[in-house]
Amino acid sequence: MRSRTRKLSHPIMSLLGNKRWQFISIPLFAIVCSFIAASIIILIMGKNPLSAFYSLLQGGGFLPKPNYAAYKSVFTDFMDTMDALAVMILASLSVVAAFRAGLFNIGVSGQMLLSGFVATVLIGYSDLPSAIAKPLVIVIGIVVGALVGALIGYLKHKFNINEVVAAIMLNYLFQYTISYVINTRLADPVSRQSREISTAARLTLVGVQLGGIKMRVPLAIILAILCAIALLLFFTKTKQGYEMKAVGLNMVSSRYAGINTGKTTVVSMIMSGALAGLAGTSYYLGYYASIQPNVLSSTGFDSIAVALLGNSHPIGVIFSSLLITALSRGGTYMSSIVGIRQEISSLIVGIILLFSACGSYIRHIVDQYDYKSERGQS
Amino acid sequence: MRKDAYIVEMRRITKRFSGVAANEDVSLGIYKGEVFALLGENGAGKSTLMNILFGMYEPDEGEIWVRGGKVSIKSPNEAVRLDIAMVHQHFKLVENYTVTENIVLGMEPVKRLCGVLPMVDLKSANEKVRELSRRYGLEVDPTAKIEDLKVYARQRVEILKMLYREADILIFDEPTAVLTPQEISALLNIIKKLRDDGKTIILISHKLEEIKQVANRCAILKRGKLLDVLDVSTTSTATMAKLMVGHELSLDIEKPPACFGTTVLQVKNLTVENKQRFTVVNNVSFSIREGEIFAIAGVSGNGQLEVADAITGMCAVKSGNIILDDSDITHKSVRERNQAGISYIPEDRQQTGLILDFSLADNLALKRYHTPPFCNGMVLRKSAFSRYANELIGKYDIRGGGANGKARAMSGGNQQKAIVAREIELQSRLTIFVQPTQGLDIGAIMDIREKMIQQRNNGKAILLISLELDEVLACADTIGVMYNGAMINIAPADSISANEVGEYMMGVKKYEESYA
C-alpha cells in the first residue's frame, strides 16, 4: 500500500524536489491545490467548477463575455483590472521592501490613506493643469509615505518599538483623523465620501475612447512595473540592497560585518513607505477619485499575503498581484452568472493565500520525501 | 571469547542520509563491563552509529543484538527499556527544576497524601539521588536548581539520570568537550568507577589522551566505515591518530621562536557590563605586540567573549580604553575598527561569523563589499565577488557548494575555513580568534592553528581566546588567565605549566599568591 502511494506521488515530488525550479513550482503547486479545494466546494454546492472558473476569467477581462453594453468590450474589463492591479503591485512591493530587511510593514493601508488624503487636499481640488498636477500627486504620494515609513523605522531603531505595533497605531490615527476631516470639511452631501478630485489630478484617465470602445487608462500600472524592476535592481545590484538583505537574514552577522543596521532599518522603512504612498495615490487619485471615510483599503492588508505568494520577489509580486486581482475582480461576474455567491470567490482567494502561506511547509514535506525515497531505494 | 558474551552487537549497520553513507557496513561487538571508545574525525559517523543504538535513527540495513537477542530499537524510549542510556553533547535538562526533579522526571516516585492524593515523593527521591552520587563520586546537591549549576555539575546530573533509571549500557557523546582539565580527570575517574561497578560504557571522542586513559578497546571510524578495533593498552596514540586521519600527522606544530615588534593593541582598565547591568569584564588590562600570540585561557563564562566583543565593537564599553596602533578606538563603530585593522573570528560561526543564507561568495566579501573592486560607487560588481571567492576557495581549500552555494549547506569545518580565509585576507594588524577549532576534526584543527601561527610569523598581533587548554599551550607566546571577569595572571607561555594555568582557571590560585 505504502509503495503504491509512493509510486503515485513520486512524479509530483520529483518535480517539486528540483531545487532550481522550486521558486516557481511550489507557488504553482499551492495554486493548483487551492483550485482543487475550491472546485470541491463549488461541486458540493451543486455547480460546475469549470464554468465557474470560466466566468471568473470573463469577469476579470481575460475572456470575452457573451454580450457587452454599448462602448464596452473585453478590453474595457481588462483595463479595469489593470487599474486595480497597479495598486496591488505597489502595495505588495511596499511589503517586499520591508520584508527584505526583516521588517513587517502592516501599515500599508494607513500609509496609503494618508498620502492619498494629502495629495487630494493639496492637488486634487486645485486648478493645476494635468501636466503639473499628475507629477505633483506622484511626488506627494512618495514623500508622505516615505515620511511615515521613516517615523516607524526611526521608532524601531531608536527606541526599539516594534514596527508592527507602531504601524497599527498609526493606521488608527490616520483612519480616524482623516475621517473626521472628511466628514466635517470635505464630504460630498450625496455620496458621503470626500468630494471628487479634478480629472487633471487623477492618475487614471477615465472614458478614453479607442476604436469605438471606452476604457480607463491607468497610468499607475506603468509606474508599478517600473518600480518592480527598480526594486529588483536595487536588491541585487547595489550596496544598500546587499546590506538590506544581510540585515534581514541575520542582524548579528550584519553588525559583525560593520553594517550600520539602524540606518538600514530606517532606509528600508522609508522605501516601503514611499511605495505604499504611491499605492495610496494611485488608489485614491486613480482607481477612485474620492476617499471613503472610516474605511482602510483591504488592498493594504491583502498585499502582505500577495507578497508572500510572490516569494517576496519584486517580479514574482507582479504575477501574484495579477492572480489575486483577477480573482477578486472576476468574483462579481461569476456570482451573477453561475449563481454562486460572491463570497465564494473571496473564499477561493482566501484558500489560495492559505495554501501559499504553506509554501515552506510544502517545501519541508518535499525535502522529507526526498530523504525517505532515497532511503527506500537503498 | 564466545560471541554471545557481547552485551551489544551491531551487525553490518548501514545508514544513509540523502544518499550519503554516514555508516557503511559497520559491525562491532561490545563486551559487558568494558569501556569501549569510538574514535574518528568529525563526520566519521560516530554519533550516527550511537544514535542508531539509542533509537534516534533506524538503520537502513543491519541488525542490532542486545544481550544475545535481536532487537529493533525504534525510539529512545525503547532503548531505555533495554537499559541503554545516553549523555548527549547538549544537555537536556529543565533549567528551573532542581537536580532531583530533573532526575526523576518521567518516573516520579509517588506517595499518597492521607492515603488518597497522589504526590511526588521528593524526599525519598532526594535520598536516593544522594546515595547514588555518593556511590560513584558524583557530588552534586540534589536540591540545587540546574540554572545555578556549572557545566560539569549539569553533566553529572545527566549521568545520575542514567544511573537512577538503572541503565547499564551508558553512551557518552564527547563528554569532555565542555570541561576544564581538572574536571576532565574527575570525569574519567567517574567513568572508571562506573566500569568497575559492572556498567558497560561507550565513549565517543576524538581526544586520544582520554581514550588512552580510560578505554579498554577502541574502534576507529573513518568516512562511515570501521577501520579497525584496537586494544588500547597495546596501541600508541600516534598509531591511533595515524589511522584516524589516514596519514602521518605530527601533533606538534612548528613554531619558530617569537620575534616581537611594536605594541599593536593596548587594553587599559577595560570594564564591560552585560545587558542585565552585571559587570562581566572587570578592570582588565593587557597588550599585544607584533608577532605575538596572546592567549586568554579560562573556563567558559568568565568574561573572555566579552573582551573580544568589546575590542571589536560588538558590545559597549563601560569604562577603560582600547588603543590600536596609538589611536583610541574605544568608541568607534564596528566598520571603523575593521578598517583600522581588526579581524575577528567569532565564537559562533553560524550565527555571527556567517550569513548562512548568503552564498559563499557573498560571505567571503562580507567585510569588503563596500570597497573597490567589489563596489563601484553604489553599484556592486558581482563578477569581482565570484572572482575573489574562487581565488579564496583555491587558496584555502574551502569545499562545499562552490562560490554560489549557500553557506548553510557547507560542513562546519568548511564554514570555519571560509571565515578564517575572509579574516586573514583582510591583512589586519590584529586578528582575534575565539574558539577557532571548536568541534573540528584534527586535520582542520591543525590547518587553522598553522594559519594562525603563520600570521604571527608575518608580524601580525594575534589574540586567541580558547576554552581548550591544549590549544592555548600549543599556540600561545603569552598566556593570560581570566577568572570571574578579571585577568588574574599574565605570563610568558614558557614560564608557566599546564597545571598552573588550570589552577588559575579554576580560581584555586589567586593573583596575590603568584606574587607572594
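Scroll up for the structure.
Since the structure is predicted, the reported quantities are computational estimates derived from the model, not experimental observations.

Engineer: Account for helix α4 (residues 74–100) of chain A, with residues named and values stated.
Structural biologist: Residues and elements named next belong to chain A. Helix length check: α4 (27 residues) gives 38 Å between terminal C-alpha atoms against 39 Å at 1.5 Å per residue, within 8%. Counted residue by residue, α4 has 22 buried out of 27 residues, so it is predominantly covered. Between the side-chain oxygen at the start of α4 and the backbone nitrogen of F75 there is a gap of 3.0 Å, and the oxygen is on S73.

Engineer: Can you lay out a nonpolar patch on the surface for me, pointing to particular residues and giving the numbers?
Structural biologist: Residues and elements named next belong to chain A. A cluster of nonpolar side chains, namely Y154, F159, I161, V165, M169, Y172 and Y176, defines an oily patch on the protein surface of about 740 Å² accessible area. Mapped by element, the contributors of at least two residues to the nonpolar patch are α6 (130–159) and α7 (163–186). Of all the elements, α7 adds the most residues to the nonpolar patch, at four residues. The residue Y172 is located in helix α7 in this model. With relative accessibility at 43%, the residue Y172 sits in the partly exposed group.

Engineer: Break down unusual backbone geometry for me, citing the residues and quoting the values.
Structural biologist: Of note, the bond from P372(B) into P373(B) is cis; its omega dihedral lies within 30 degrees of zero at 5 degrees. Checked against the element boundaries, P373(B) lands in the loop between α12 (360–364) and β19 (375–376). Of note, N311(A) is a non-glycine position whose phi angle comes to about 60 degrees, a positive value. Mapping N311(A) onto the fold places it in the loop between α12 (299–309) and α13 (314–338). The exposure class of N311(A) is partly exposed, given its relative accessible area of 34%. In this structure, D326(B) takes a positive phi of about 70 degrees despite not being glycine. Relative to the assigned elements, D326(B) resides in the loop between β16 (319–324) and β17 (327–328).

Engineer: Report on the pattern of salt bridges, specifying residues and quantitative values.
Structural biologist: If charged atoms from side chains of opposite charge come close, those side chains can pair. All told, the structure shown has 34 salt bridges over all chains when counted by the stated rule. For R154(B), the salt bridge is made with E95(B), and the minimal N-O distance between the two is 2.9 Å. Taken together, the positions of R154(B) in helix α5 (residues 151–164) and E95(B) in the loop between β6 (84–87) and α3 (99–104) put the pair 59 residues apart, joining distant regions of the chain. For R456(B), the salt bridge identified is with D477(B), shortest N-O distance 2.8 Å. Taken as a pair, R456(B) in helix α15 (residues 442–457) and D477(B) in the loop between α16 (469–475) and β23 (478–483) lie far apart in primary sequence, 21 residues in all. Relative accessible area serves as the criterion here: at 11%, D477(B) is assigned to the buried category. Connected via shared salt-bridge partners are D80(A), D83(A), R216(A) and R329(A).

Engineer: How would you summarise the packing of aromatic side chains if you had to cite specific residues and measurements?
Structural biologist: The final tally for this structure, using the stated rule, is 19 aromatic pairs over all chains. Measuring from centroid to centroid gives 6.2 Å for Y283(A) and Y287(A), while their planes differ by 5 degrees, and the two rings are stacked. Of this pair, Y283(A) and Y287(A) are both found in helix α11 (residues 261–287), four residues apart, which corresponds to roughly one turn of the helix. Per residue, the accessibility class of Y283(A) equals that of Y287(A), and both read buried. Considering the side-chain rings of F286(B) and F294(B), the 4.8 Å spacing of their centres and the 15 degrees angle between planes classify their relative orientation as stacked. Pairwise contacts between aromatic rings join Y242(A), F358(B), Y369(B), F374(B), F385(B) and Y388(B) into one cluster.

Thresholds, definitions, all that
- Residues numbered from 1 in each chain as written.
- Chains lettered and ligands numbered in written order.
- Predicted model: local features only at pLDDT ≥ 70, side-chain atom pairs only at ≥ 80, totals over all residues.
- Heavy atoms only, no water.
- Helix = DSSP H or I, 4+ residues; strand = E, 2+ residues; numbered from the N terminus.
- Expected span 1.5 Å × (residues − 1).
- Buried < 20%, exposed > 50% of the residue type's maximum accessible area, 1.4 Å probe, protein only.
- Polar contact = N/O pair within 3.5 Å; in protein donor to acceptor, adjacent residues only side chain to side chain.
- Patch = residues over 30% accessible without salt bridge, like charges linked within 9 Å, V, L, I, M, F, W, Y side chains within 5 Å.
- Areas by Shrake-Rupley, 256 points an atom, 1.4 Å probe, with all protein chains shown as cover.
- Salt bridge = Lys/Arg side-chain N within 4 Å of Asp/Glu carboxyl O.
- Phe/Tyr/Trp six-rings, centres within 6.5 Å; stacked < 30°, edge-to-face > 60°.

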